[in-house]
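Geometric and topological summary
The primary structure of each chain is shown beneath.
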Amino acid sequence: MKYYFLLMALLSVSFSFSQIEESDFNAIVEAEAKAASNRIYNHRVNINTGNYDVTYHKLEFTVDPGVASISGVVTTHFVAKEAMTEVTFDLADNMTVSQVMQDGNSLSFTQNSDDELVITLQGNLNIGETGIVEITYFGNPISSGFGSFAQTTHNGDPIIWTLSEPYGAKGWWPCKQDLNDKIESIDVYITTPQFNPDNEEYIAVSNGVEQSQTINGTTKTTYYKHEFPIPAYLVAIAVTNYQVYSHTVPNNGNPFEIVNYVYPESYNYVQENTAITVDIMELFSTKFEEYPYASEKYGHAQFGWGGGMEHTTVSFMGSFGRELIAHELAHQWFGDKITCGSWKDIWLNEGFATYLSGLVVEDFDGDDAFTSWKQAKVNSITSQTGGAVYLSDADTTSVSRIFSSRLSYNKGSMVLHMLRKKLGDVPFYQGMQDYLSDTDLAFDYAKTPEYQAKMEVAGGTDLTEFFNDWIYNEGYPSYTINANWINTNQLQIQVNQTQSDASVAYFEAPVPLRIVGTNNEILDVVLDNTFSGETFVETVNFAVSEILFDPEVDLISKNNTVTLSTNNFQIEQSLTMYPNPTSSLIYITKPDALEVDSIQIFDVLGKLVLETNYQETIRTESLSSGVHFVKFSTNQGDFHKRLLKE
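Here is a short report on the structure shown in this document. Owing to the predicted nature of the structure, the values given are computational and were not obtained by experimental measurement.

Description of the packing of helix α10 (residues 448–459) against helix α11 (residues 464–472)
Closest axis-to-axis distance for the α10/α11 pair is 11 Å, and the angle between their directions is 140°. Here α11 runs oblique to α10, going by the angle between their axes. In terms of crossing hand, the pair formed by α10 and α11 is right-handed. On the side of α10, the interface is formed by T448, P449, Y451, Q452 and E456, while α11 contributes T464, F467, I471 and Y472. When the residues that make up the contact of α10 with α11 are grouped by side-chain class, the tally is five nonpolar, three polar and one charged.

Some words on the sheet that holds strand β13 (residues 203–206)
The antiparallel open sheet is built from four strands, whose spatial order is β10-β11-β16-β13. Both edges of this open sheet fall to β10 (149–154) and β13, since each of them pairs with a single strand only. Mean inter-strand twist for the sheet, computed between neighbouring axes without regard to direction, equals 15°. Examined bridge by bridge, β13 and strand β16 (residues 237–240) share four bridges and lie antiparallel to one another. Residue pairing in the sheet places S206 in a bridge with I237 of β16.

Quick notes on the packing of aromatic side chains
In this description, an aromatic ring pair is defined by two values, namely the gap between the centres and the angle between the planes. The final tally for this structure, using the stated rule, is 41 aromatic pairs. Plain terms: the ring middles of W347 and F352 are 5.3 Å apart, the flat faces sit at 70° to each other, and that makes the pair edge-to-face. The buried category is assigned to F352, whose relative accessible area is 0%. Taken together, the ring pairs connect F288, F334, W347, F352, F428, Y429, Y435, Y451, F466 and F467 into an aromatic cluster. Taking the ring centre of Y189 as reference, the NZ or CZ of K58 above it sits at 5.4 Å. Seen from the ring of Y52, K176 lies directly overhead, with NZ or CZ sitting 4.8 Å from the centre.

Some thoughts on the nonpolar core
Taken as a class, soluble globular proteins show a tendency for nonpolar side chains to be buried jointly. Of all hydrophobic cores here, the largest spans 167 residues; its most connected members are F61, W173, F284 and Y451. Broken down by element, the residue count for this core peaks at nine residues, all from helix α5 (residues 347–365). Apart from the residues within four sequence positions on either side, F284 is in contact with E289, A326, L329, A330, W333, L356 and V360. Membership of the second largest hydrophobic core comes to 15 residues, among which are M577, I599, L610 and F639.

So, unusual backbone geometry
In the segment running from Y578 into P579, the intervening peptide bond is cis, with an omega of -10°. Following the sequence through the fold, P579 ends up in the loop between β31 (576–578) and β32 (585–589). Following N580, the chain continues into P581 via a peptide bond in cis, with omega recorded as 15°. Tracing the backbone shows P581 in the loop between β31 and β32. Positive phi, close to 55°, is recorded for D103, a residue that is not glycine. With respect to the helices and strands, the residue D103 is situated in the loop between β5 (96–102) and β6 (105–106). Judged by its relative accessible area of 61%, D103 is exposed. The residue V553 is not glycine, and still its phi comes out positive at about 55°. Along the chain, V553 falls in the loop between β29 (544–549) and β30 (561–565). Owing to a relative accessible area of 2%, V553 belongs among the buried residues under this scheme.

With respect to the sheet that holds strand β18 (residues 256–262)
Strand order in the open sheet made by the five strands is β17-β18-β19-β21-β20, with mixed pairing throughout. Bordering the open sheet on either side are β17 (243–249) and β20 (308–309), each of which pairs with just one other strand. Along the sheet, helix α4 (residues 322–330) contacts β19 (298–302), β20 and β21 (315–317); its crossing angle with β21, the most-contacted strand, is approximately 155°.

Quick look at α5
Here α5 is 19 residues long and its end C-alpha atoms lie 25 Å apart, about the 27 Å a rise of 1.5 Å per residue gives. Among the 19 residues in α5, 16 count as buried, and that is most of the element. Looking one or two residues beyond α5, the residue adopting positive phi is G366, at roughly 100°.

Quick word on the side chain of S164
By secondary structure assignment, the location of S164 is in the loop between β11 (157–162) and β12 (185–193). Polar contacts involving the side chain of S164 include one to the side chain of W172, which spans 2.9 Å. Setting aside its immediate chain neighbours within four residues, S164 contacts S148, A169, W172, Y233 and V235.

A short note on the pairing of strand β4 (residues 84–90)
With five of seven residues buried, β4 is to be regarded as a mostly interior element. The pairing of β4 with strand β8 (residues 116–125) spans six bridges and is antiparallel. Each bridged residue has a counterpart across the sheet, and for V87 the counterpart in β8 is I119.

Criteria and cut-off values
Residues numbered from 1 in each chain as written. Predicted model: local features only at pLDDT ≥ 70, side-chain atom pairs only at ≥ 80, totals over all residues. Heavy atoms only, no water. Axes fitted to C-alpha atoms, helices over the stretch in contact; angles between N-to-C directions. Helix = DSSP H or I, 4+ residues; strand = E, 2+ residues; numbered from the N terminus. Parallel < 35°, antiparallel > 145°, perpendicular 65-115°, else oblique. Left-handed = near helix turned anticlockwise from the far one by under 90°. Contact = heavy atoms within 4.5 Å. Nonpolar A, V, L, I, M, F, W, Y, C, P; charged D, E, K, R; others polar. Pairing = 2+ DSSP bridges. Phe/Tyr/Trp six-rings, centres within 6.5 Å; stacked < 30°, edge-to-face > 60°. Buried < 20%, exposed > 50% of the residue type's maximum accessible area, 1.4 Å probe, protein only. Lys NZ or Arg CZ within 6 Å of the ring centre and 35° of its normal. Core = buried A, V, L, I, M, F, W, Y, C linked by side-chain atoms within 4.5 Å. Expected span 1.5 Å × (residues − 1). Polar contact = N/O pair within 3.5 Å; in protein donor to acceptor, adjacent residues only side chain to side chain.

Listed below in structure tokens is the structure:
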């Protein structure tokens, strides 16, 4: 016996799980969008820095964690992309440049209100030639308003730390800030007092591997070398009375260290939490590729913000929950090794890192926890009806829009998951590995079309429709699923869809359903739905108790309904045609509520051979011998029966 059900079914989400995960996640977004405190900075792509490529920086910084200031000497090697007589760097106009040198000669320069340092070179520099300039400067970066350089305290102890994403690097050092040029290598020298006021030693942190510590009277200079390409916004320093400890990653016989720099008052708590980093590192290395900076280090440095920031080889951390550790580590592949080529493409950083933190949930906690994780993301995405993953030009002037938790993080991550489900695990992970290993993208910048091309090759399919619907345009679908029995073991399923935003005419997507039997039988089906009203027929060899829409939350959608009806099957059973086989006529009986508009008879080739209005008796002498199909068009839909003519 079959049953009738109307349901709006998605798996429920544990309140406590969602609250904990969402709190951790909000901290991640808070740190990465930290510059968005109700201000939009007058940032634009600086065409004046587009005529050269930076190859090397020697960064010599002098700071005191107890004082909100910095002085430094930045030596930059750059290659001319066109003939040039002057070179422009990004630098906040409140920072004071005292001297610029080239080959031992002092150069003239100007600073302007567009946050530019314009240097007149001592001669012409031709295409392909290398120039070297040495800039000496000082100032109070905090007063620049970029929020990229902080001088605060922890437990009463002074600390200085930086966080330059997206536009803040120029707030504390002269650089080339746009997403079109990675620095090939850097040497960082950080000079500080040797001790804090409590006679505790200051420890300085930066990108790369610590090379040396040199004591000179009451000061100490710590030297770091980083030999991988890096964008300006990922260069970072921090100084306070850190305690330091390490975890070792086996890395298939090529071990490297995860170095942790933590506040003394947090040491015991943090040490308990960071050990999981080794397991997460091994998970990501297995699914994607070896950690990109294994020849140097990975590390965490505690700092005074709520979440974290993925500076290359050392993530700055405000807390040490597992999701935050996973998210910032994921960025070392997606965001650091390959960096979004524009802020329009920020999902290639943030959506990817968010999804990888979800893979940790899937692998470490199991399918139910992963389903709850996905449901929390979908709830966020569908809390508003519009919004695209890909940013407009105007969006890139708003830091809060760049780092939208709903769109750049959550929707970006779930679109990545939907792509995985569309392609299958093997092609999906192959495409991700191909993306990371592409020599044109690795340790460089990528934009969305370049990622799409890699996934199309791996999946052997055109993804234009998918990316148009889910990345470039807005909104999400809502589904109405109508299921009817058409005979004793075949279920006809009709899929109808509406869209939350007019930018998408129809979301073509795999639609997962779970058919549940009265004895707890399970049949999972995925309907490759491409248009509204599309019907599918599934063979179901058990009595059905319910149909669940997208039970594992593999699809961004909202307000979905599923209707399972036995009415049509019962009507079809009561619509009879006899005798069958027949030689000259057939008799037809039907329920009073069923109105038959027409009757059509087709031969086995699909040719219409007889058509009539409803009547209780139909003569069949004109039919040839053999199998025929009878179509009844009624007020309850179309019904089909098989007729054998003798």
